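Spelled out from the first residue to the last, the chains are:
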Amino acid sequence: GRRYEQLLPFVAPGDRKAFVVVAADFVTLDSGSGIVHMAPAFGEDDYQVGLREDLAFMRPVDANGKFTAEVTPWAGLFVKAADRKIIRHLAEQGSLLHEETYTHEYPYHDRCDNPLIYLATPSWFIRTSAMREQLVEANRSITWAPPEVGSGRFGNWLSGAIDWSLSRNRFWGTPLNVWICDSCG
């Protein structure tokens, strides 16, 4: 609940809570300081903590991974291309305590090797988690060949089923036809 100063004051949280310290069980001391930045619009864990803590949902990045107009010094710039400029800005305003390069896991596109950005987007889901027990039970009545598929890989997937996202932003896969009723939405 302790508040901290927003160092890059380009995005306002509106009437929601932001720039506060919260606890999360995935933050550990064995891979850093035990303190991480939370951005509910940019990662599943952050999003879940944001919901739990009712944190502001700020997304100053567009679908192409570029800063939006509200981030005036770097508007239109790809976020990873802005890293050095942001560090320089923090140093110039006296807000940079320490800069260090370290190696950590980061997702890259498997074909072109560009850095990827997790970005929350509006999506449609099928609430498969509500049918989890029925799916597991139905799976037991299927004769699988080989049997370990039903009891292993597929069975394990069903028992941990989460809600299934219908809306995928990708260039491959099977398109799903979805219609919206003009009169009732």
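Use the structure listed above.
As the structure is a prediction and not an experimental result, all values here were calculated from the model.

A. Highlighting the side chain of Asn139. Take Asn139: it is sitting in helix H3 (residues 132-140). Within the structure, Asn139 has its side chain in polar contact with the backbone oxygen of Gly150 (distance 2.8 Å). Ignoring any residue separated from it by four or fewer positions in sequence, one finds Asn139 in contact with Trp144, Gly150, Phe154, Gly155 and Leu158.

B. Geometry of the nonpolar core. Core analysis: the biggest nonpolar cluster contains nine residues, these being Val11, Val61, Phe67, Val71, Trp74, Val79, Ala82, Ile86 and Leu90. In this view, Val71 contacts Phe10, Val11 and Pro60; residues no more than four positions away in its chain are not counted.

C. Just the side chain of Asp46, in detail. The topology assignment puts Asp46 in helix H1 (residues 44-53). No salt bridge is formed by the buried Asp46, whose closest oppositely charged neighbour, Arg52, lies at an N-O distance of 10 Å. Excluding anything up to four places from it in sequence, Asp46 contacts Phe26, His37, Met38, Ala39 and Pro40.

D. Examining the pattern of salt bridges more closely. Considering all chains together, one arrives at six salt bridges under this definition. The closest approach of N and O atoms between Asp54 and Arg16, which form a salt bridge, is 2.7 Å. Of this pair, Asp54 sits in the loop between H1 and helix H2 (83-92) while Arg16 sits in the segment before H1, placing them 38 residues apart in sequence. When its relative accessible area of 36% is taken as the criterion, Arg16 is described as partly exposed. Residues participating in the shared-partner salt-bridge network are Lys17, Arg52 and Glu53.

E. Expanded view of helix H4 (residues 147-159). Maximum bend of H4: about 25 degrees, positioned at Arg153. Considered for burial, the residues of H4 that qualify are Gly150, Gly152, Gly155 and Leu158. The secondary structure elements touched by the buried residues of H4 are H3.

F. Local environment of the environment of Ala120. With respect to the helices and strands, the residue Ala120 is situated in the loop between H2 and strand E1 (125-126). Owing to a relative accessible area of 24%, Ala120 belongs among the partly exposed residues under this scheme. Separated by 21 residues in sequence, Ala120 and Ser141 place their C-alpha atoms 38 Å apart. Leave out the neighbours within four places in its chain, and Ala120 touches Ala41, Phe57 and Arg59.

G. Up close: the packing of aromatic side chains. This structure, assessed with the given rule, holds seven aromatic pairs. With a centroid separation of 6.3 Å and an interplanar angle of 85 degrees, the aromatic rings of Tyr47 and Phe57 are classed as edge-to-face. With Tyr47 in helix H1 and Phe57 in the loop between H1 and H2, this pair connects stretches of sequence that are 10 residues apart. We classify Tyr47 as partly exposed; its relative accessible area is 31%. Note on Tyr106 and Tyr108: the rings are 5.7 Å apart at their centroids and 65 degrees apart in plane angle, and the pair reads as edge-to-face.

Calculation notes
- Residue numbers run consecutively from 1 along every chain, following the written order of its sequence.
- Only residues with pLDDT of 70 or above have their local features reported here, since the model is predicted, and side-chain atom pairs are shown and tallied only from 80 upward, although totals for entire chains, interfaces and linings are computed over all residues.
- As a rule here, side-chain values come from all non-hydrogen atoms in the structure, and water together with hydrogens is ignored.
- Counting from the N terminus, the helices are DSSP H or I runs at least four residues long and the strands are E runs at least two residues long.
- Identification of polar contacts relies on pairs of N or O atoms within 3.5 Å, with a donor-acceptor requirement for protein atoms, meaning one able to donate a hydrogen and the other able to accept it, and with residues adjacent in sequence counted only if both atoms are side-chain atoms.
- Any pair of residues with heavy atoms lying within 4.5 Å of one another is described as a contacting pair.
- What makes a nonpolar core is a set of buried Ala, Val, Leu, Ile, Met, Phe, Trp, Tyr and Cys residues whose side-chain atoms join them at distances within 4.5 Å.
- The buried label goes to any residue with under 20% of its type's maximum accessible area, the exposed label to any with over 50%, and the partly exposed label to all in between, with areas taken from a 1.4 Å probe on protein chains only.
- When charges are tallied, Lys and Arg are placed among the positive residues and Asp and Glu among the negative ones, while His and the ends of the chain are skipped.
- A carboxyl oxygen of Asp or Glu within 4 Å of a side-chain nitrogen of Lys or Arg is what we treat as a salt bridge.
- To obtain the bend at a residue, axes are fitted to the seven residues ending there and to the seven starting there, and the angle between these axes is taken.
- Only Phe, Tyr and Trp rings take part, Trp by its six-membered ring, and two of them pair if their centres are within 6.5 Å. Stacked means planes under 30 degrees apart, edge-to-face means over 60, and tilted covers everything else.

Keep in mind that these numbers describe shape and distance, not what the molecule does.
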